[in-house]
Amino acid sequence: MSNETQEFLKSNLVKDFTKDIQQYNLGPLWEAIPEVMNKSPEPHAQAYLWSGELLKKKLTEAAEIFTPERGGERRAIYFQNPGLTYRKPWGQVSTTQTLYAAVQLLQPGEEAPSHRHSQSAARFITDGEGAYSIVQGERIFMEEGDFLTTPKNLWHGHGHEGDKPMVWMDMLDIPTIYSIGGTFFEPYDGGLQQPDVPDNFSEIRYRGGMVRPVGDGKYTIAPLANFKWNRIVDAIKGLMHFDPNSYDGYAVEYINPSTGRSANPTIGTRMQFLPKDFHTKAHRHTHSTIYYAHQGSGYTVINGVRFDWKKGDYFVVPNWAWHEHKVAEDAYLFSANDIPIMDRFDLEQEEYYTLNKGHQEVTGEFKPDFR
């Protein structure tokens, strides 16, 4: 924009006209373009970290107050990004621009009633065993480290037959579906759906790993509902025969075995292993990422700010933010991203940090509210 144009837009004539049209619910593009047509992404979401101790404390307190029957069907506490609290209502429960994430607790003997909705969901089991999800009549028993996917519009609920509390990470595309006006929700008549196929049906059918049952070639919904932790570890151990990726270490993506695409149609999910003292190079990309430190400890530098994390912590890398990881001990990081959403709009881009051998200068340190 030339200096002459800038001076003209500051004139009283333009200012008066801009004010005049706004009373008719009309908008001045000449004012809006510089703020909404950015040269590169400028997300409102902020980098942030939630400590495992805080989450455990608040879930314990919630268990004394809420049950699934009188707590909105789910005893879940979501991660509200501090840069998105202006969204109404409830910050649109936004952990990133596009995704919601939460921790959910189910106590022994409890049931969370079945429902279905137009949002897709996924879960990563962080603590416990003995609980199950029932999805479209299939009971799927869950253990620590398992990853489960529940695409949109499938009936699903939870029950717990074990003797210890069960905690998992929930991921949904709620902010995206809400923003485009596509939200539908329906409770299941009768509470928790009852099974109509054998327990762990899909896991048994796909026991062969990277082979699929004949007839599932066009099965695009969710042929495999539970990705077991031991298989993920085996896959990563296979990668360890080679050099690690400079930006992601040893990483695998959860996929739909019938289509080869992401396991969830709108939420990408990965598990990465970073060996002791490994330091990734910095890069940035259009998609945003929510991390859970499943094992190990280290720190992540996000746009120059150091975020120290350990097992049980969660943190967010907004889209188009420089980031790199350095680990103090062997670490497994589970992550959820919005690559499938970006891919649908052909928006995914990546850029590599070229200064200082690929490492950012640390200019600050994040101090969490509770450690």
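These figures come from a predicted structure and were not determined experimentally.

A. Looking closely at the environment of Pro244. Relative to the helices and strands, Pro244 resides in the loop between helix H7 (229-239) and strand S13 (250-253). Each C-alpha atom of the pair Pro244 and Gly364 lies 28 Å from the other, and the pair is 120 residues apart in sequence.

B. Looking closely at a nonpolar patch on the surface. Together, Phe17, Leu29, Trp30, Ile33, Val36 and Met37 line one region of the surface with nonpolar side chains, adding up to about 620 Å² of accessible area. Broken down by element, the nonpolar patch gets its largest block of residues, four residues, from helix H3 (residues 29-36). With respect to the helices and strands, Trp30 occurs in helix H3. With relative accessibility at 35%, the residue Trp30 sits in the partly exposed group.

C. Inspection of the packing of aromatic side chains at higher detail. One pass over the structure, following the stated rule, counts 24 aromatic pairs. Measuring from ring centre to ring centre gives 4.4 Å for Phe124 and Phe334, while their planes differ by 20°; the resulting arrangement is stacked. Of this pair, Phe124 sits in strand S5 (residues 121-127) while Phe334 sits in strand S21 (residues 331-337), and the two are 210 residues apart along the sequence. The residues Phe124 and Phe334 share a single accessibility class, namely buried. An angle of 50° between the planes, with centres 5.6 Å apart, marks the rings of Phe147 and Phe227 as tilted. Residue Phe147 is found in strand S8 (residues 147-150), and its partner Phe227 is found in strand S12 (residues 226-227); the two are separated by 80 residues along the sequence.

D. Spatial organisation of the sheet that holds strand S7 (residues 138-143). Reading across the sheet, the five strands line up as S7-S6-S9-S4-S11 and stay open at both edges, with antiparallel pairing between neighbours. Where the open sheet ends on each side, the last strands, each with one partner, are S7 and strand S11 (185-187). Each adjacent strand pair in this sheet contributes to an overall mean axis angle of 25°, direction not counted. Where strand S6 (residues 129-135) and S7 come together, five bridges link them in antiparallel fashion. Paired with Ser133 across the two strands is Ile140, which belongs to S7.

E. How the structure looks around unusual backbone geometry. Of note, the amide linkage connecting Lys88 to Pro89 takes the cis form, showing an omega dihedral of -5°. Positionally, Pro89 belongs in the loop between strand S2 (76-78) and strand S3 (100-106). The backbone of Asn200 sits at a positive phi, close to 55°, despite the residue not being glycine. Inspection of the secondary structure puts Asn200 in the loop between S11 and helix H6 (201-205). Asn200 gets classed as buried once you look at its relative accessible area, which sits at 19%.

F. Seen up close, the nonpolar core. Counting 52 residues, the largest nonpolar core has Phe124, Phe147, Met169, Met171, Tyr254, Met271 and Phe334 as its most contacted members. Here this core gets five residues from one element, more than from any other, and that element is S21. Leaving out residues up to four positions away in the same chain, Phe147 has contacts with Ala122, Arg123, Phe124, Met171, Ala225, Asn226, Phe227, Tyr254, Ala263, Thr269 and Phe334. Val135, Leu148, Leu154 and Ala225 belong to the second-largest nonpolar core, a separate cluster that totals twelve residues.

Thresholds, definitions, all that
- Residues numbered from 1 in each chain as written.
- Predicted model: local features only at pLDDT ≥ 70, side-chain atom pairs only at ≥ 80, totals over all residues.
- Heavy atoms only, no water.
- Helix = DSSP H or I, 4+ residues; strand = E, 2+ residues; numbered from the N terminus.
- Patch = residues over 30% accessible without salt bridge, like charges linked within 9 Å, V, L, I, M, F, W, Y side chains within 5 Å.
- Areas by Shrake-Rupley, 256 points an atom, 1.4 Å probe, with all protein chains shown as cover.
- Salt bridge = Lys/Arg side-chain N within 4 Å of Asp/Glu carboxyl O.
- Buried < 20%, exposed > 50% of the residue type's maximum accessible area, 1.4 Å probe, protein only.
- Phe/Tyr/Trp six-rings, centres within 6.5 Å; stacked < 30°, edge-to-face > 60°.
- Pairing = 2+ DSSP bridges.
- Axes fitted to C-alpha atoms, helices over the stretch in contact; angles between N-to-C directions.
- Core = buried A, V, L, I, M, F, W, Y, C linked by side-chain atoms within 4.5 Å.
- Contact = heavy atoms within 4.5 Å.

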